[in-house]
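Next come the chains, spelled out residue by residue.
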Amino acid sequence: MAYTVPKLKDFSAKALDKAAAKLLSALEDETKAVASEGDWKEFRDRWMGRKNGVLTQINVLWLKAAPKDEKKQVGQRVNELNKQVEAKVDTALQRAQGGASEAKLAAERVDITLPGNVRPLGAEHPIIKTMNEIVSVFRNLGYSVEEGPEIETDYYNFEALNFPPNHPARDTQDTIFIANQESKATRDRLLLRTHTSPVQIRAMERTKPPIRIVVPGKVHRNDAADATHSPVFHQVEGLAVDTNITFSDLKGTLDHAMKALFGSSVKTRFYPSFFPFTEPSADVQISCLFCGGKGYRDGGRCPNCKASGWIELLGCGMVDPNVYGFADYDAKKVSGFAFGMGVERIAILKYGVDDIQMFYHGDVRFLEQFR
Ligand code: PHE
């Protein structure tokens, strides 16, 4: 039967001893039964609850009920019992908590033969990866990295690059213009840059010669998306201006860069071309990676280079003297070259990707191959 606090008639030391012993033995028994935190709360309330806990009851039934001349010794007893009950309640809590984690530990078994939790690792996007590779080839040659805005003015994208207003060369870059710019002078109108070349001018405005920079970045053209076109793509621009830089410096630099990117057996060829901001201008072709430059493979024409043995990869040339005028460089004292390459195009060749759209779909099965 559960312990209840008795009313006392006899307040002698002997009677108090007996009553206290009964109470303490009940306390001991009930302490043993506390196995969880839930048990413990009940236990605590039963013994220490303000309203009707055992301690409150002995205060009323024993101390307050004691006749005047017994109060002192009953008070001492009750105080002692208070302390003993509090101490038991404390240790019971520690036991209940410790017991719970011991029970948990007993139930948990670590199977060290199970495979660990494998967290899927992210991968660098192939475009960023390729862009970083291109940039690092030029950083190793002493070039530094510059960037410029994607929303550009007509001035930097065209005019300062020697595309005069209304010049037909502008038509080669299907430009996306920002709407409602008609009230501005043509040169201030905003557009999405069609190439990274405007950063040539921006960098030369900031830096006196000599200058050697590479410019990675995103560019936009009004092209319909298909397997080989995307309205948004990436370029890496290069610019080197110093005294006595020649076309053979350009050839040597790009030949080295193509070998660094595609392997030392790759050959380069410079093919006459036109850009308003370089003179002379050239397209750089590399020997076809698929047929080794032979033009045929697997007993037929090589489809990758259309049997020519060469793949066109980038544009370049000697900086046109007119461009120096826009940048406040003295065209009589300096010379230099510039080049611009498409990152997607290089990534497609390096990794044998047959659809440029794969780069933008975010399909994990495609992307995780570049880890
Ligand atoms: N900006 C040119 C393009 O996008 C490439 C280029 C850069 C050509 C630098 C010559 C020099 O087509």
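Residues numbered from 1 in each chain as written. Predicted model: local features only at pLDDT ≥ 70, side-chain atom pairs only at ≥ 80, totals over all residues. Heavy atoms only, no water.

**Q** Explain the overall build of the chain to me, please; I cannot follow it from the model alone.
**A** Counting secondary structure elements, the chain contains 12 helices and 11 strands. For a compact globule of 371 residues, the expected C-alpha radius of gyration is about 21 Å, and the chain comes in at 43 Å, more than 25% above that figure. Among the 371 residues that make up the chain, the fraction classed as buried is 40%. Within the chain, contacts between residues separated by at least 24 positions form 67% of all contacts whose residues are at least 6 apart in sequence. Taken as a whole, the chain presents about 21,200 Å² of accessible surface, with 52% of it coming from carbon and sulfur. When the 49 basic and 48 acidic side-chain charges of the chain are each reduced to a single mean position, those positions are 9 Å apart. (Helix = DSSP H or I, 4+ residues; strand = E, 2+ residues; numbered from the N terminus. Rg over C-alpha atoms; globule rule 2.2 N^0.38 Å. Buried < 20%, exposed > 50% of the residue type's maximum accessible area, 1.4 Å probe, protein only. Contact = heavy atoms within 4.5 Å. Areas by Shrake-Rupley, 256 points an atom, 1.4 Å probe, with all protein chains shown as cover. Lys, Arg positive; Asp, Glu negative; His and termini not counted. Charge placed at Lys NZ, Arg CZ, Asp CG, Glu CD.)

**Q** Would you explain the domain arrangement of the chain in this entry?
**A** Frequently, the measure chosen for interface size is the accessible area that the parts lose on association. Taken as a whole, the chain is organised into domain 1 (13-107) and domain 2 (126-370). Taking the mean C-alpha position of each, domain 1 and domain 2 sit 85 Å from one another. (Domains from an automatic or database assignment.)

**Q** Looking at this model, I keep getting lost on the site of the ligand. Mind explaining?
**A** Taken together, the neighbourhood of the ligand is formed by 14 residues, with His195, Ser197, Arg221, Gln235 and Gly340 sitting nearest. Between the ligand and Arg221 there is a distance of 2.9 Å, counted from an oxygen atom to a side-chain nitrogen or oxygen. For the ligand, an oxygen atom lies 2.9 Å from a polar atom in the side chain of Gln235. Notes on the ligand: free accessible area 320 Å², of which the protein chains cover 92%. Those elements that place two or more of their residues in the shell around the ligand are strand 5 (232-242), strand 10 (310-319) and strand 11 (335-342). In terms of residue count, the dominant contributor to the shell around the ligand is strand 11 (3 residues). (Near = heavy atom within 4 Å. Polar contact = N/O pair within 3.5 Å; in protein donor to acceptor, adjacent residues only side chain to side chain.)

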